[in-house]
Amino acid sequence: MRADIELDIGRKTFASGLLPELIAVLRRSRLGGLVAIVGDEESVGPELETWCRFTGNPLLESTVDNGRARWVFRCGAVADPVGAPPEDDRPVGSRLWLYTNFDCNLHCDYCCVRSSPTAPRRELGLTRIQRIAREAAGLGVKEIFVTGGEPFLLEDIAEILLSCASAAPTTVLTNGMLFTGRRAESLRALPRDRIILQISLDSPRPELHDLHRGPGTWTRTREGIQHARALGFRVRLAATVSTDAQAEAFRQFLDEEKIAAEDRVIRRIALRGVASEGVAVTRADLVPEVTITADGVYWHPVGAEDADLLVTRDIFPLSEAFGAVRRAFDREGEHANKLAKIFNCA
Ligand code: SF4
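Participant: Explanation requested: the overall build of the protein chain in the structure shown.
Facilitator: On a plain count of helices and strands, the protein chain comes out with 9 helices and 13 strands. Taking 2.2 N^0.38 as the reference for a compact globule, 346 residues should give roughly 20 Å; the C-alpha atoms of the protein chain span a radius of gyration of 22 Å, in line with that estimate. Along the three orthogonal principal directions, the C-alpha set of the protein chain runs to about 70 × 45 × 40 Å. For the protein chain, restricting intrachain contacts to residue pairs at least 6 apart in sequence, the fraction spanning at least 24 positions comes to 70%. Just so you have it, the protein chain exposes about 16,200 Å², and 52% of that area is on carbon and sulfur atoms. Charge centroids of the protein chain, computed over 44 positive and 49 negative side chains, lie 2 Å from each other.

Participant: Can you walk me through the pattern of salt bridges in this structure?
Facilitator: Applying the stated criterion across every chain yields a total of 31 salt bridges. With a closest N to O distance of 2.9 Å, Asp285 and Arg74 form a salt bridge. With Asp285 in the loop between strand S10 (264–268) and strand S11 (290–293) and Arg74 in strand S4 (residues 68–74), this residue pair connects regions lying 211 residues apart in the sequence. Each of the salt bridges in this network shares a partner with another, and the network as a whole consists of Arg114, Arg122, Arg272, Asp295, Glu305, Asp306 and Asp308.

Participant: Help me understand the packing of aromatic side chains in this model?
Facilitator: Per the stated rule, a full pass over the model turns up 6 aromatic pairs. With a centroid separation of 4.6 Å and 15° between ring planes, the pair formed by Trp97 and Phe145 is classed as stacked. Taken together, the residues span a long stretch of sequence, with Trp97 in strand S5 (residues 95–99) and Phe145 in strand S6 (residues 143–147) at a distance of 48 residues. One exposure class covers both Trp97 and Phe145, and it is buried. Aromatic side chains Phe250 and Phe253 sit 5.5 Å apart centroid to centroid with 45° between the ring planes, which places their arrangement in the tilted category. Of this pair, Phe250 and Phe253 both sit in helix H8 (residues 244–256), 3 residues apart, which is roughly one turn of that helix. Judged by its relative accessible area of 8%, Phe253 is buried. Directly above the ring of Phe316 sits Arg131, whose terminal nitrogen or CZ lies 4.0 Å from the centroid.

Participant: How should the environment of Ala158 be read in this particular structure?
Facilitator: Looking at the secondary structure, you find Ala158 in helix H4 (residues 157–167). Take Ala158: its relative accessible area is 10%, and that puts it in the buried class. Sequence-wise, Ala158 and Ile259 are 101 residues apart; in three dimensions their C-alpha atoms are separated by 26 Å. The residues touching Ala158, leaving out its near neighbours within four places in the chain, are Ser186 and Leu190.

Participant: Where do I start with the pairing of strand S3 (residues 59–65) in this structure?
Facilitator: Bridge count for S3 against S4 is 6 bridges, and the pairing is antiparallel. Within S4, the residue paired with Val64 across the bridge is Ala69. Counted between consecutive antiparallel strands, the loop separating S3 from S4 contains 2 residues, among which Asn66 sits at a positive phi close to 50°.

Participant: Before we go on, may I ask you to explain the sheet that holds strand S13 (residues 310–312) in this structure?
Facilitator: The strands making up a sheet associate through backbone hydrogen bonding, with each pair oriented either parallel or antiparallel. Overall, mixed pairing links the 9 strands, which are arranged S10-S9-S8-S7-S6-S5-S11-S12-S13 in an open sheet. The two strands at the open ends of the sheet, each matched to only one other strand, are S10 and S13. Neighbour-to-neighbour, the strand axes of the sheet open up by a mean angle of 25°, direction not taken into account. When strand S12 (residues 296–298) meets S13, the two strands line up antiparallel, connected through 2 bridges. Looking at S13, one finds that Val297 is bridged to Thr312.

Participant: Quick question: what am I supposed to make of the environment of Ile269 here?
Facilitator: Tracing the chain through its elements places Ile269 in the loop between S10 and S11. Not counting the four nearest positions on each side in its chain, Ile269 is found in contact with Tyr110, His212, Thr240, Val241, Ser242, Ala275, Glu277, Gly278 and Val279.

Cut-off values and rules
Every chain is numbered on its own, with residues counted from 1 as its sequence reads. Given that the model is predicted, a residue must reach a pLDDT of at least 70 before its local features are reported, and side-chain atom pairs must reach 80 or more before they are shown or counted; all residues, however, enter totals for whole chains, interfaces and linings. Side-chain calculation: all heavy atoms of the structure are included, whereas hydrogens and water are not. The secondary structure listing takes helices from DSSP runs of H or I that are at least 4 residues long and strands from runs of E that are at least 2 residues long, numbered from the N terminus. Both definitions apply: the radius of gyration is a C-alpha atom measure, and the globule rule equals 2.2 Å times residues to the power 0.38. Should any heavy atoms of two residues lie within 4.5 Å, those residues are counted as being in contact. Only the protein chains shown count as covering a residue, and every accessible area follows the Shrake-Rupley method with a 1.4 Å probe. When charges are counted, Lys and Arg are positive and Asp and Glu negative, with His and the chain ends excluded. Taken as the charge location is NZ of Lys, CZ of Arg, CG of Asp or CD of Glu. Take a side-chain nitrogen of Lys or Arg and a carboxyl oxygen of Asp or Glu: if they are within 4 Å of each other, that pair is a salt bridge. Here a pair means two rings of Phe, Tyr or Trp (six-membered ring of Trp) with centres within 6.5 Å. Their orientation is stacked below 30 degrees between planes, edge-to-face above 60, and tilted elsewhere. Between buried and exposed lies partly exposed: a residue is buried under 20% and exposed over 50% of the maximum accessible area for its type, with that area taken using a 1.4 Å probe on protein chains only. Put simply, a charge is over a ring when the Lys NZ or the Arg CZ is close to the ring centre, within 6 Å, and near the line of the ring normal, within 35 degrees. When DSSP finds two or more bridges between a pair of strands, those strands are recorded as paired. The convention used is that axes are lines fitted to C-alpha atoms, helices contributing only their stretch in contact, and that angles between N-to-C directions extend from 0 to 180 degrees.

Okay, structure coming up:
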């Protein structure tokens, strides 16, 4: 992971002068900036992790290369790391995310799960999704989100969405570029009152959208949005942006288009997957939203193939998987409380 500042601490530990170095580097760093600490004493790791947790500078990565340890932490908390509205009171498990396949017709340069036309298909599959939907209905799931890669690449996407919609109102995330031929038929078959289309559009201007997503994609996505609306679907527009200025430009565009607040998503690029820049997010930054892929159950959709966000490989019984995520969330809270007591200064 690339960092903004590299600090070589040699053989220093917390017992021999590391703390002043850390304080100095924090002063030099901007909020959200990444700092890499490189040293010869791997044993510093656990104490450094504790320091990171206690000071609210999340540790993002820990590696050893050629006998030297390297830790990367982010300076400070990030507000609104993925653009979600702050809904701290939403119970864990009320939102369920399904990654259906991972392959995609696009290869966006910030894709948080490395989807692309050449990414191997890792399919959750209709049979498993039907079982998930059956079991989810009794577990307090209020919303289901279906994402791909691009879900409309799947022949049986209509059946998949119908089984999800039978359990809870369902949103399908799509780039909106495949609503032709049999896929248009799949779309037409879906219930308008149970399914929302969340279509990715990054900018009011084609240049910026196409820069990240490929030439000509903005125009085709706009056509897809029009098509979905013409069929009577509720369409939510979701932009992934790099700067506040881009977010503001998109907000103005949504105002001009008279898009309702609940049909807007504006989020920052997350430093996950193939993204080389963006907001670095850790488990501690994210309230869990149970996320199921062909590979297991993850903490949150923004890192749904990253080992640090994997909770369990076992999807079934679904009640157990939900329990595992809740227990992991409780452990995070207990850990924070314990640190607060250990470092209680007055
Ligand atoms: S960001 Fe979405 S559209 Fe782009 S490659 Fe990833 S899954 Fe596909």
